[in-house]
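# Results of the structural survey
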Amino acid sequence: MCIQLIRASNCRYAYISYVIVALIKEAIPNTSVERSKVISIIIVFTHKKFKHDNGMIIRNDNNIVIVID
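Quick look at the structure, then.

All chains considered together, the criterion is met by 1 aromatic pair. Taken together, a centroid distance of 5.9 Å and an interplanar angle of 90 degrees make the contact between Tyr15 and Tyr18 edge-to-face. Assessed through its relative accessible area of 42%, Tyr15 is described here as partly exposed.

Below, the structure is given as structure tokens:
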């Protein structure tokens, strides 16, 4: 669950390379992240199509993020 976008206060959506503050809703047991913990993450891939300047379009099945300390 997204809490706040770091880049701008009036932004509604996050795209690739945005840093956001998020809340963990589900967690796999015996991992370093815990449920109901607030963390900072960076978005790597999104489900929405992303078009490069050369015309190539990238689309993933899931959103992929990296946890930042």
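So that's the structure; there's more coming.
Residue placement: Cys11 occurs in the loop between strand E1 (2–5) and strand E2 (19–23). Residue contacts for Cys11: discarding those within four places in its chain leaves Leu5 and Tyr18.

Further remarks concern the nonpolar core. Among the nonpolar cores identified, the biggest contains 8 residues, and these are Leu5, Tyr18, Ile20, Ala22, Ile24, Ile39, Ile41 and Ile43. Breaking this core down by element, the ones donating at least two residues are E2 and strand E3 (38–45). For Ile39, the residues in contact, after removing those within four places along its chain, are Ile20, Val21, Ala22, Ile24 and Val67.

Basis of the calculations
- Residues numbered from 1 in each chain as written.
- Predicted model: local features only at pLDDT ≥ 70, side-chain atom pairs only at ≥ 80, totals over all residues.
- Heavy atoms only, no water.
- Phe/Tyr/Trp six-rings, centres within 6.5 Å; stacked < 30°, edge-to-face > 60°.
- Buried < 20%, exposed > 50% of the residue type's maximum accessible area, 1.4 Å probe, protein only.
- Helix = DSSP H or I, 4+ residues; strand = E, 2+ residues; numbered from the N terminus.
- Contact = heavy atoms within 4.5 Å.
- Core = buried A, V, L, I, M, F, W, Y, C linked by side-chain atoms within 4.5 Å.

Don't take any of this as a statement about function, it's just geometry.
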